[in-house]
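Understanding the architecture of this molecule
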Amino acid sequence: MQILQDISLKPFNTFGIDVAAKLFCKYKDADELAEAIANSPNTERCILGGGSNILFTKNFDGIVLKNEVKGVELIKEDHQYVYVKAGAGENWHQFVLYTLQRNWQGLENLSLIPGNVGASPMQNIGAYGIEVKDFFYELEAFHLEEKKIFTFSVNDCGFGYRESVFKNKLKGRFVILNVTFRLNKVPKFNTSYGAIEEELQQMGVTGLTAQKISLAVINIRRSKLPDPATIGNAGSFFKNPSVSFEKFEAMKKSYPAVIGHKNADGTIKLAAGWMIEQCGWKGFRRGDAGCHSQQALVLVNYGKATGKEIYDLSEEILQNVQKKFGVALEREVNII
Ligand code: FAD
Ligand code: EPU
């Protein structure tokens, strides 16, 4: 474990924002993490995974703790399930592929989401009708003040749409070290969402497997979302907001094409990308900060945008959507 000084964070965030961290340290287990904390007292901390859901708006005057906890382990199994524990520093997509190769079913709809395993419960990552909470079993996390490891069950995590206790109530207090998933031995596929069925048909798939669903999801994602290796971004910048049924009906009168889906509690989740597009932002570019031309929910860095430029653009969009639709957007990306 080595604490480095004045390190550029550009390679460590998918927006490609060039800011510096005063201190920077990679740790591969709880002991190294504890040592890094002991060696940097009274210092602000930023836990970093793959940097794919973070926007740095200024230099970070504290210590960036880069999670490199590795390892994947089958910890137990019964006739229905396998329980697989993965280090927080494992790459998410590689982990999904690892499980699919072994015919452990469940995570295929979450293929190709950037970032690491450790951040997956942070915002309960979701895509194509599945969320991490659906296959989550437990996690171990290091309490930064008490310097002890705690185990969190699914109920302890307070999972919601792009939410968990780690993103709100317990923000900044715990470092997730590993996550255990409970995956199916007998598959139960979910292909009902969005374009999955259509893509499977185009692929000519007859016998359905988790691997084929994974490929379909990968194809759809590649056709829609910008690759951070080419254009800096952090996926959806805002969450899809929910409104009451009455509000949705009122919106439909003025905007018959408004897109919304019913939540379990009867409220309606609106497509933020559609609202942003209706405000005219899709494809907008100012300097190197922009709103993606194929997916208005994704803000992008064409090269040299600063985090502040992207944040300021997000603020303009947020206010514009509020004014036009009377709907408050909430940022999904973590702002530092
Ligand atoms: P980081 O960006 O490094 O961190 C995110 C937050 O979690 C930060 O607040 C950080 O401090 C905290 N954190 C990270 N690791 C730990 C840890 N071990 N312990 C405690 N706190 C930690 N997300 C979706 O849900 N669905 C999608 O479909 C999706 N698509 C995307 C597509 C693209 C092209 C991109 C760039 C992003 C997309 N995302 C999506 C967002 C992102 O991939 C996920 O949120 C991912 O889980 C972030 O992982 P990360 O390791 O990069 O986290
Ligand atoms: N839409 C537009 N214009 C746009 C973008 C979208 O009209 O510019 C419309 C689409 O036509 C569609 C609807 O909005 O009818 C929803 O769009 P899409 O299917 O692309 O999904 P999304 O709601 O924009 C969400 C997640 C993604 C996730 C996909 C697939 C959020 C905030 N985003 O996007 O997650 O991959 O669904 O499940 O919930 C992320 O969190 O970073 C992320 C990429």
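Cut-offs applied
- Residues numbered from 1 in each chain as written.
- Chains lettered and ligands numbered in written order.
- Predicted model: local features only at pLDDT ≥ 70, side-chain atom pairs only at ≥ 80, totals over all residues.
- Heavy atoms only, no water.
- Helix = DSSP H or I, 4+ residues; strand = E, 2+ residues; numbered from the N terminus.
- Rg over C-alpha atoms; globule rule 2.2 N^0.38 Å.
- Buried < 20%, exposed > 50% of the residue type's maximum accessible area, 1.4 Å probe, protein only.
- Contact = heavy atoms within 4.5 Å.
- Areas by Shrake-Rupley, 256 points an atom, 1.4 Å probe, with all protein chains shown as cover.
- Lys, Arg positive; Asp, Glu negative; His and termini not counted.
- Charge placed at Lys NZ, Arg CZ, Asp CG, Glu CD.
- Domains from an automatic or database assignment.
- Buried area = accessible area lost by both parts, 1.4 Å probe.
- Salt bridge = Lys/Arg side-chain N within 4 Å of Asp/Glu carboxyl O.
- Polar contact = N/O pair within 3.5 Å; in protein donor to acceptor, adjacent residues only side chain to side chain.
- Nonpolar A, V, L, I, M, F, W, Y, C, P; charged D, E, K, R; others polar.
- Pairing = 2+ DSSP bridges.
- Axes fitted to C-alpha atoms, helices over the stretch in contact; angles between N-to-C directions.
- Near = heavy atom within 4 Å.

Glancing now at the overall build of the protein. Of the regular secondary structure elements, the protein holds 7 helices and 20 strands. Here the protein has a C-alpha radius of gyration of 20 Å; the compact-globule value for 336 residues is 20 Å, and the two agree. Overall, the protein is about 60 × 50 × 35 Å in size when its C-alpha atoms are taken along their principal axes. The 336 residues of the protein split such that 48% are buried. Of the contacts made within the protein by residues no fewer than 6 positions apart, 60% connect residues no fewer than 24 positions apart. Carbon and sulfur atoms make up 48% of the accessible area of the protein, which amounts to about 16000 Å² in all. For the protein, the separation between the mean place of its 40 positive charges and that of its 37 negative charges on side chains is 4 Å.

To continue, consider the domain arrangement of the protein. Domain annotation of the protein identifies domain 1 (3-67), domain 2 (72-224) and domain 3 (232-335). Relative to domain 3, the C-alpha centre of domain 2 lies at a distance of 25 Å. In total, domain 2 and domain 3 occlude about 670 Å² of area from one another, counting both sides; carbon and sulfur atoms represent 37% of this. Contact with domain 3 buries area across many residues of domain 2, yet Tyr-161, Lys-167 and Lys-224 alone supply 64% of it, more than any other trio. A salt bridge links Lys-239 to Glu-163, with the nearest nitrogen and oxygen atoms 2.8 Å apart. At the boundary of domain 2 with domain 3, the tally comes to 5 residue pairs in polar contact (both at pLDDT 80 or more). Taken together, the residues of the side of domain 2 that touches domain 3 sort by class into 1 nonpolar, 2 polar and 4 charged.

Between side chains of opposite charge, a pair can form as their charged atoms come close. A complete count under the given rule lists 18 salt bridges for this structure. For Glu-330, the salt bridge identified is with Lys-239, shortest N-O distance 3.2 Å. Of this pair, Glu-330 sits in the loop between α7 (307-325) and β20 (334-335) while Lys-239 sits in the loop between β13 (232-236) and β14 (242-243), and the two are 91 residues apart along the sequence. Classification of Glu-330 as partly exposed rests on a relative accessible area of 43%. When its relative accessible area of 6% is taken as the criterion, Lys-239 is described as buried. For Arg-285, the salt bridge identified is with Asp-288, shortest N-O distance 2.8 Å.

Next up on the list: the sheet that holds strand β7 (residues 81-87). Across the sheet, which stays open at both edges, the 5 strands sit in the order β6-β7-β12-β10-β11 with antiparallel pairing between neighbours. Of all strands in the sheet, those bounded by a partner on one side alone are β6 (72-77) and β11 (149-153). Shown here is a sheet whose adjacent strand axes are inclined to one another by a mean of 20°, direction ignored. Bridge analysis of β6 against β7 gives 5 bridges, and the strand direction is antiparallel. Residue pairing for β7: Val-72 is matched across the bridge by Ala-86.

This part takes up the site of ligand 2. With respect to spatial proximity, 22 residues lie near ligand 2, and among them Tyr-128, Tyr-161, Glu-277, Gln-295 and Glu-332 are the closest. Within the backbone of Tyr-128, an N or O atom sits 2.8 Å from an oxygen atom of ligand 2. At a separation of 2.7 Å, a nitrogen atom of ligand 2 approaches a polar side-chain atom of Glu-277. When residues of the shell around ligand 2 are traced back to their parent elements, those giving at least two are α4 (210-224), β13 and α6 (272-278). Its residues placed into classes, the shell around ligand 2 shows 10 nonpolar, 5 polar and 7 charged. Two domains share the shell around ligand 2, each providing at least three of its residues, namely domain 2 (72-224) and domain 3 (232-335).

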